[in-house]
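Reading the structure
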Amino acid sequence: MRTRFAPSPNGALHLGHAYAALRAHDLARQMSGAFLLRIEDIDGVRSRPDLVEAIFADLRWLGLHWDGEVLFQSTRLAAYEAALADLRARGLLYPCFCTRSQIATAGAQPGPEGLVYPGTCRALGEDERARRMADEPHAWRLDMAAAKAQAGALSWHDQEAGEQAARPDHFGDVVLARKDAPASYHLAVTLDDAHQQISHVVRGADLFAATHVHRLLQALFDLPVPIYHHHRLLAGADGRKLAKSEGAAALASLREAGADGPALLENLRKAMLPSGISWGEPSYSRP
Ligand code: GLU
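Sequence order sets the numbering: in each chain, residues are counted from 1 along the sequence as written. Owing to the predicted nature of the model, reporting of local features is limited to residues with pLDDT of at least 70; listing and counting of side-chain atom pairs is limited to 80 or more, with chain, interface and lining totals taken over all residues. With hydrogens and water set aside, each side-chain value is computed from the structure's full complement of heavy atoms.

1. Here's the deal with the overall build of the chain
Secondary structure counts use DSSP, requiring at least four H or I residues in a row for a helix and at least two E residues in a row for a strand, with both numbered from the N terminus. Summing up its helical and strand segments, the chain has 10 helices and 14 strands in all. Atoms considered for the radius of gyration are the C-alpha atoms alone. The globule rule reads 2.2 Å times the number of residues to the power 0.38. What you see for the chain is a C-alpha radius of gyration of 20 Å, in line with the 19 Å of a compact globule of 287 residues. Based on the C-alpha atoms only, the size of the chain along its principal axes is roughly 60 × 35 × 35 Å. Here the chain holds 287 residues, and 49% of them are scored as buried. Exposure categories follow from relative accessible area, calculated using a 1.4 Å probe and restricted to protein chains: below 20% of the type maximum is buried, above 50% is exposed, and the middle band is partly exposed.

What follows is the structure, given as structure tokens:
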């Protein structure tokens, strides 16, 4: 039995992260399992080494101890590339040259994570692809219809929301390798949860919908399927989920102001929130 906390070092951790880490930690400890830490640092533009140090300091201050070595996604690039090569060889990936504004003006409809790609580059011929790949930045997208046809009907289980039929098609042709990063969140997180043998994925309800895509990727790579637990989110005074930009709830500010980390954690454990913080709607965003 293994859980993990997988923060991205692109902003200061806040109370919502403390809650996510606590839920993953406590579930592991209750079941005599392991609680692992993974640093999701492949976003070269936004990841910052000082924020990695701050994550370690925040967790230590809270009194949350992880087991084993920390896994840095930046050490896993060869695994991501091998997985992409596998999908490419199976005809399930295509290069996409579109910019955000081209996608917006191509009549794309809103989806679970921004606009659903209208498939423009899926239709390009081999010659045009080869020519443009030589000198244009490109992402790699999954051909969703072809991938779904290979994988067949899939389901996954959430400990709060119950059995879910996987509906990745609502996401359209998702990006698996970005123009500016070697793997997208969906690809890296799916491969790494399997690599770390995570049996229970505990994370916020804002990532509930993404699990439909992760389930499809598990099927394509023949990976084990963890049990999922999407917990409720913490909201700020405006009722919206906490964002990394909100300094007030930043753990580093509380830590530096001399607040008692383990006491704060104990309150969160008892569902007691500091003033100005509330529970977000326990909504599972359906795709
Ligand atoms: N790295 C992601 C984040 O910071 C979380 C990934 C996950 O738990 O699946 O939001």
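2. Considerations on the pattern of salt bridges
By definition here, a salt bridge exists when the distance from a side-chain nitrogen of Lys or Arg to a carboxyl oxygen of Asp or Glu is within 4 Å. Under the counting rule described, the total for this entry stands at 22 salt bridges. One salt bridge in this structure joins Arg-255 and Asp-58, with 2.8 Å as the shortest N-O distance. Remark: Asp-58 occurs in helix H2 (residues 49-62) and Arg-255 occurs in helix H9 (residues 251-256); sequence separation between them is 197 residues. Residue Asp-58 is classed as buried on the basis of its relative accessible area, which comes to 2%. Close ionic contact of Asp-173 with Arg-122 constitutes a salt bridge, the shortest N to O distance being 2.9 Å. Taken together, the residues Asp-173 in the loop between strand S9 (162-165) and strand S10 (175-177) and Arg-122 in the loop between strand S6 (114-115) and helix H5 (126-135) connect sequence positions 51 residues apart. Residue classification places Arg-122 among the partly exposed residues on the basis of a relative accessible area of 37%. Within this structure, Arg-4, Arg-38, Glu-40 and Asp-193 form a network of salt bridges that share partners.

3. Remarks on the sheet that holds strand S7 (residues 139-142)
The strand order S4-S7-S10 describes an open sheet built from 3 strands, whose pairing is antiparallel. Two strands close off the open sheet at either side, each with one partner strand: strand S4 (93-96) and S10. Averaged over all neighbouring strand pairs, the angle between strand axes comes to 45 degrees, with direction disregarded. Pairing between strands is defined by DSSP: at least two bridges between them are needed. In terms of strand pairing, S7 meets S10 through 2 bridges, oriented antiparallel. Among the inter-strand pairings, Arg-141 is bridged to a residue of S10, identified as Val-175. As a rule, the C-alpha atoms of each element are fitted with a line to give its axis, helices using only the stretch in contact, and angles between N-to-C directions run from 0 to 180 degrees.

4. A look at the pairing of strand S12 (residues 227-231)
Burial analysis of S12 places 4 of its 5 residues in the buried class, the great majority of the element. Across 5 bridges, strand S11 (residues 200-204) lies against S12 in parallel orientation. Residue His-200 lies in a different strand from S12, and its bridge partner there is Ile-227. Think of it like this: strands point away, you trace from the first strand over the helix to the second, and a clockwise trace means the crossover is right-handed. Tracing the backbone out of S11, into helix H8 (residues 210-221) and back to the parallel element S12 gives a crossover that is right-handed.

5. Thoughts on H8
Helical geometry note: an α-helix holds 3.6 residues per turn, so side chains three or four residues apart project in the same direction. Expected span, for any helix, means 1.5 Å times one less than how many residues it has. Along its 12 residues, H8 runs 17 Å from first to last C-alpha, staying within 8% of the 16 Å computed at 1.5 Å per residue. Burial of H8 is extensive: 11 of the 12 residues sit out of reach of the surface. Taken residue by residue, H8 has Ala-210, Thr-211, His-212, Val-213, His-214, Arg-215, Leu-216, Leu-217, Gln-218, Leu-220 and Phe-221 as its buried positions. Of the residues trailing H8, Asp-222 is marked for its positive phi of about 60 degrees.

6. Details of the sheet that holds strand S3 (residues 71-72)
Strand order in the open sheet formed by 3 strands is S1-S2-S3, with parallel pairing between adjacent strands. Edge positions in the sheet fall to strand S1 (2-5) and S3, since each has one partner strand and no second. Bridge count between S1 and strand S2 (residues 34-39): 4 bridges; the pairing is parallel. What sits directly across from Arg-2, in S2, is Ala-34. Residue contacts are defined here by distance: any two heavy atoms, one from each residue, within 4.5 Å place the two residues in contact. Packed on one face of the sheet, H2 meets S1, S2 and S3 and runs near 155 degrees to S2. Taken strand by strand, helix H7 (residues 185-195) contacts S1, S2 and S3, and its axis lies near 145 degrees from that of S2.

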